[in-house]
Structure formats: structure tokens, C-alpha cells
Amino acid sequence: MIDLRHVSKSFHKGRSVVDAVRDITLTIERNEIVAVIGPSGCGKSTLLNMIAGLYAPSYGQIIYKNTKVCDLNTDVGYMTQKDNLLPWRTVRDNVAFPLELAGVGKVERMARAKEVIDHVGLQGFEDRFPNELSGGMRKRVCLARMLLYGAQPALLDEPFAALDAQLKLSMHDLVLRLAAENRQTVVIVTHDLMEAVTLADRVVVCTRRPATVAVVQRIDLERPRDVLNVRFSNDFKGYYDALWERLRLEYQEDRV
Amino acid sequence: MTAPDTKLDQTGALEHGDPFRTQRLRAMGMLLGQIVLGIVLLLFWQGASGRMVDNFFISNPLDVGARLLGWTLDGSIFAHIWATVYATMMGFFIGAIGGAVLGVWLGVSPIASRLLNPYLNALNALPKVALAPLFVLWFGLGIESKIALAAVLVLFLVFLNTFAGVREVDQDLIDGARLMRATRMQVIVKVIIPSAMSWVFAGLRISVPYALIGAVLGEMIAANRGLGYLVQFSGAQFDTAGVFAVLIVIALLAVALNFLVDTVQSRIERWRIVSR
């Protein structure tokens, strides 16, 4: 579905050039959940920005559904690291925003917004404004908004980093259920290995900046997964340890 | 101006047993102090007049009050107030709409804004009051020339604020909306304009007194009614009490207008208020 071919990206800051991503080749299949993991600031977000078409790669190309991504790819649902909620809109109006843009009538909009707001457990907060919510709640509003308009594929940039452990688990559960229901393609960027292994069909380990693919690991844990218990299985531990071994190298080199 | 004070009071009062009661008492105490200060100043004025300074120059509160009362009783002041209020409001609305539209338009069109930049800077640097004779020539001695002067003053203030506000809009919000398939028009209407709204309001807020200044100045230059005309006329008659009486009316008008803007702003920007 998404084909990255030798994708590199450098940023120019005055005279200096910063390489964020170097020569990444990766194919993301339809209905697949791919987790991209790597040290903070390694260029993972840059990768998502390029998939969304917010900016073009310096070298290489990104193919989406057999066409080259040149402009914004409005098919994708992009949940950025920073929650992009409109501060002057209530939770309900924020969630319904994509439908409003698409010209869906108010009654239907509100009904569908209510449904997804309940889904992410924010019932009772519909009339609040984003700055009245905690960081975790805002993330859930973003998730609800993305769910509502059924964007395919979903790009998630460290979506649950701000959430506490319990909430994170319930969000993982939600993502897995929804991905199964909607046959959703998901690319999730994270630095939480536990999260990556719990959710993904494949985990892509990136090196530190400039990001390249260090290793791609298929996670053959059966679905549906029980987010709470899957992590205690031996298979899970095997994947986790192997990936951690590889990931640790990136952090160690960092220190040298 | 009262909002920051009450907020300080709130935080300060939290340490006490009943914060709301303490806060109310403090607010009442402050109000009392303000009234007492006003009375003391009026008494001092009354006392100084004729003793320390010639009554001719500073008049005195009783004469000023009598003049205000007289104008109110015979109803003559209301025609003047209405003329000034009308010119202020019309000038304000025309200038505000023009400034906001211009600000949004140039804010979202980088090429046009760069092209027009030097000319707008030059126009902005020009003391707008100097345009008054031109407006009298164009629009005559009637209220239209006052409206034009008020509108021009407001237009530049609102324009500059709106322009800055549009430039300050978070690019991520725009990208987000575009990824959700917003058209360019939708981005402008649903993201850029609401986001710039607080800047626009800041511009409106500071331009209210300027609308009044424009109207009053216009009336002072050439008119046969309005508060500006009345203050000019009273001055020409060496009627100091009359001048002070008009000044008081103008000040009250300015306060009323500010109050109006604050009320409207708090209605529209509920999301900003509730977050506090």
C-alpha cells in the first residue's frame, strides 16, 4: 500500500545540513500494523511527514497505491505528536471537524461524533474545550477524530507517550479492536518497545539519526491479542529481547 | 482593566477560610476607595477654583455639573452625543471590516503582501489626522467626513493586528485541516480566521478609542453638531465649564464603548475564558 524506495531527507539550516532519514526502503502492506521504533529524535516523525506528503523526500520516492506521493496525501489520517485540536472548538466539534469539512449534516455529524467519543471513553466531556483536558484526554480526542472519518492508512506519531500505563493499555486494546474491525492499515511511530511488539505485525527498528532501517522483525503473535496478557507469553519475551538487543546498540553508540 | 485585579485577588484569597467572601469584601473595599478618591478630587477642584487658580481657566465642579444638567434638561446634548456616537460606530464598523478583510487577504497571500508592503508602511506612518481636510473636500461638512476619519484610524490598527494574527496561525493546525481534506476556503474560514480572532479583537479593542478620536477630531475641524463641535464651540466662547462638561461626556462614552467591546469579546471567545 505504501512503498518507500530509497527515501532520504536532509534539512538545510543555514549552511549546515542535517540528515534526518537516509536510504529507507520499506513496504507497508494493506491491513498491516507496522511499528517504527528508534531512539528519540532519530527522524521517525520525518518519515511520517513524508508519507503524509507534508514534505517531499530529498532522494528516493514514496509510492502510495501505485502513484508517487507529490502533494498532501489526503487519504491518510495523521495523528501527530502534538495534538492538533482547534482550541476554540469543543471536544464534540473537534471530533466532528472532518465530517464538517466533508459537508456532512449537523445531526448525523453529532450522532457519529458521540459514538466515537464514547468509544474512546470521553463521554461527559463533549462540551469541554481542549485546554480543559489533560494531555492524555486530548490524545484520545485526536484518536476519536481520526476514527470518525475512517482515514486509511492511519499514521500515529507516538500517540500514547503522554498516557499513564493503564490508559495506554486500554488505548492499545482500542487500536487493535478498531484495526481489526476496519481492516485498518496503521503505521505507528514509538519509542516504547512494549507498545511496538504488542500492536504490530512488523516492527521496524531504526538507527539513530540519520534514520535507516536496522532490522525488520515480523511479530507472529496470534490475533486477536489480549493486550494485558500477551506480554507475558514466551514468544513475546523472545521478540522483545531480540529487538531490545538490537535497539540497545543504537542507544549505546549514542553515548560514545 | 478589572479582570487581572480580580484574578490576583482570587489567588491571594485562597489561603483564607472563605475565599469568596474575602474576595467580595476586598472588591467592595476597593470600590469604596475609588469613590472616596473621586469625591476628594472633586472637593479639591472646587476648593482650588477661584482661590489657587482663576475660575476662568479651570471652572469648578458645580458649574460643570450645572452645565451638564442644563444641557440634559433642555435635551440639546443628546443630538450632539448621537452625532458623535453615530460617526464613531459607523467609522468603527467600516474601518474594522475593511481592516479585517485586508488583514486576512494579505495574511494569506504572501505575494500581494510583499508587493504592497512599502506602500502600506508609508500609509501607516502618515498621521491619519492630516487626511481630514481631504475628507472634508471629498465628503463635505456632514457626518460622512467624520465617519471617514474614524474609519481610516480604525482600519490601520485592525489591519495590522489581523495581519499579524493570520501570520501567527499554527502551521500544524493548517496542515492538519488540509490532511482532513479541507479546501483552501475552509482552511481560511474554519482555521485561520478563528485562530486570528484574538488578535483581531486586540486590534478592535485598541481601535475603539481611536474611532472616537477620529469622530471628535473631524467634528472639531468642521461641523455644526457633535461633541467635538461642542467642545470647540464652548472653547471659542471662553466657556470653560462647557469644555469640561463635554470632556466628561466624551470620557463616559469611551468607557461605555470599551465595556461593549469587552462584553462582545467574552461572548465570542468562551474557550479562552473557561480555560482560566
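This text goes with the structure placed above it.
The shown structure was predicted, so the numbers you read here are calculated from the model rather than taken from an experiment.

Scoring rules and cut-offs
Counting restarts for each chain, with residues numbered from 1 along the sequence as it is written. Starting at A for chains and at 1 for ligands, labels are handed out in the order in which the entities are written. Only residues with pLDDT of at least 70 are given local features in this predicted model, and only at 80 or more are side-chain atom pairs given and counted; all residues enter the totals for whole chains, interfaces and linings. We count a stretch as a helix when DSSP gives it H or I for four or more residues in a row; a strand needs E for two or more, and each element gets its number in order from the N terminus. For the radius of gyration, the atom set is restricted to C-alpha positions; the globular benchmark scales as 2.2 Å times the number of residues to the power 0.38. For every residue, the other C-beta atoms within 10 Å of its own C-beta are counted; 20 or more classify it as buried, 12 or fewer as exposed, and values in between as partly exposed. C-beta atoms are placed from the backbone. Residues are defined as contacting one another if the C-beta atoms placed from their backbone atoms lie within 7 Å. Strands are treated as partners if at least two bridges between them are detected by DSSP. Only Asp, Glu, Lys and Arg are considered charged in this grouping, and only Ala, Val, Leu, Ile, Met, Phe, Trp, Tyr, Cys and Pro are considered nonpolar; every other residue, Gly among them, is considered polar. To get an axis, a line is fitted to the C-alpha atoms, and for a helix only the part in contact is used. The angle between two axes follows their N-to-C directions and goes from 0 to 180 degrees.

## Here's the deal with the overall build of chain B
So, step 1. Each helix and strand in chain B was counted, giving 13 helices and zero strands.
So, step 2. Start at the N end of chain B and walk to the C end: the helices and strands fall as α-α-α-α-α-α-α-α-α-α-α-α-α.
So, step 3. In terms of overall dimensions, chain B is more spread out than a globule: its C-alpha atoms have a radius of gyration of 23 Å, far above the 19 Å expected for 276 residues.
So, step 4. Each of the three principal axes of chain B carries a C-alpha extent, and together these read 75 × 65 × 30 Å.
So, step 5. By residue count, 33% of the 276 residues in chain B fall in the buried class.
So, step 6. Once local pairs closer than 6 in sequence are excluded, the contacts in chain B between residues at least 24 apart make up 72%.

## Digging into the overall build of chain A
So, step 1. Summing up its helical and strand segments, chain A has eight helices and ten strands in all.
So, step 2. Computed over its C-alpha atoms, the radius of gyration of chain A comes to 18 Å, within 12% of the 18 Å expected for a compact globule of 256 residues.
So, step 3. Across its three principal axes, chain A shows a C-alpha extent of roughly 55 × 45 × 35 Å.
So, step 4. Out of the 256 residues in chain A, the part that is buried amounts to 44%.
So, step 5. Partitioning the contacts of chain A with sequence separation of at least 6, the portion at a separation of at least 24 is 70%.

## Side note on the pairing of strand β8 (residues 186-190) of chain A
Residue and element names in this part refer to chain A.
So, step 1. The buried count for β8 comes to five of five residues, which makes it a mostly enclosed element.
So, step 2. Going residue by residue along β8, you find Val186, Ile188 and Thr190 tucked away on one face and Val187 and Val189 tucked away on the opposite face as well.
So, step 3. Note: strand β3 (residues 33-37) against β8, five bridges, orientation parallel. Residue Val34 lies in a different strand from β8, and its bridge partner there is Val187.
So, step 4. Taken together, the four bridges between strand β7 (residues 154-157) and β8 define a ladder with parallel strand orientation.

## Notes on the interface of chain A and chain B
So, step 1. The interface is formed by 20 residues belonging to chain A together with 15 residues belonging to chain B.
So, step 2. Tallying contributions element by element places helix α3 (residues 97-101) of chain A first for the side of chain A that touches chain B, with three residues.
So, step 3. Of the residues contributing to the side of chain A that touches chain B, the split by class is 14 nonpolar, four polar and two charged.

## Describing the environment of Leu85 of chain A
Residues and elements named next belong to chain A.
So, step 1. The topology assignment puts Leu85 in the loop between β6 (77-79) and α2 (91-95).
So, step 2. Spatially, the C-alpha atom of Leu85 lies 29 Å from that of Leu4, the residues being 81 residues apart in sequence.
So, step 3. Setting aside residues no more than four positions away along its own chain, Leu85 makes contact with Asn94, Pro130, Arg138, Val141 and Cys142.

## Details of the pairing of strand β4 (residues 59-64) of chain A
Residues and elements named next belong to chain A.
So, step 1. In this sheet, β4 lies alongside strand β1 (residues 2-13) in antiparallel orientation, the contact comprising five bridges. Bridged to Ile2 within β4 is Tyr64.
So, step 2. Where β4 meets strand β5 (residues 67-68), two bridges bridge the pair, whose relative direction is antiparallel. Of the residues in β5, the one forming a bridge with Ile63 is Lys68.
So, step 3. The antiparallel pairing of β4 with β5 creates a hairpin that spans two residues between the two strands, and Lys65 there sits at a positive phi of about 50 degrees.

## Notes on helix α11 (residues 227-236) of chain B
Residues and elements named next belong to chain B.
So, step 1. All of the buried residues in α11 are Leu227, Gly228, Tyr229, Leu230 and Val231.
So, step 2. In this structure, the buried side of α11 is in contact with α5 (76-108), α10 (184-221) and α12 (240-268).
So, step 3. Two residues or fewer past α11, Phe238 is found with a positive phi of approximately 60 degrees.

## A short note on the sheet that holds β4 of chain A
So, step 1. Reading across from one edge, β2-β1-β4-β5 (chain A) is the order of the four strands in this open sheet, with antiparallel pairing throughout. Two strands bound the open sheet, and with one partner strand each, they are β2 (16-28) and β5 of chain A.

## What about the sheet that holds β6 of chain A?
Residue and element names in this part refer to chain A.
So, step 1. Strand order in the open sheet formed by six strands is β6-β7-β8-β3-β9-β10, with mixed pairing between adjacent strands. This sheet does not close on itself; its edge strands, each paired only once, are β6 and β10 (213-218). Adjacent strand axes in the sheet meet at a mean angle of 15 degrees when their direction is disregarded.

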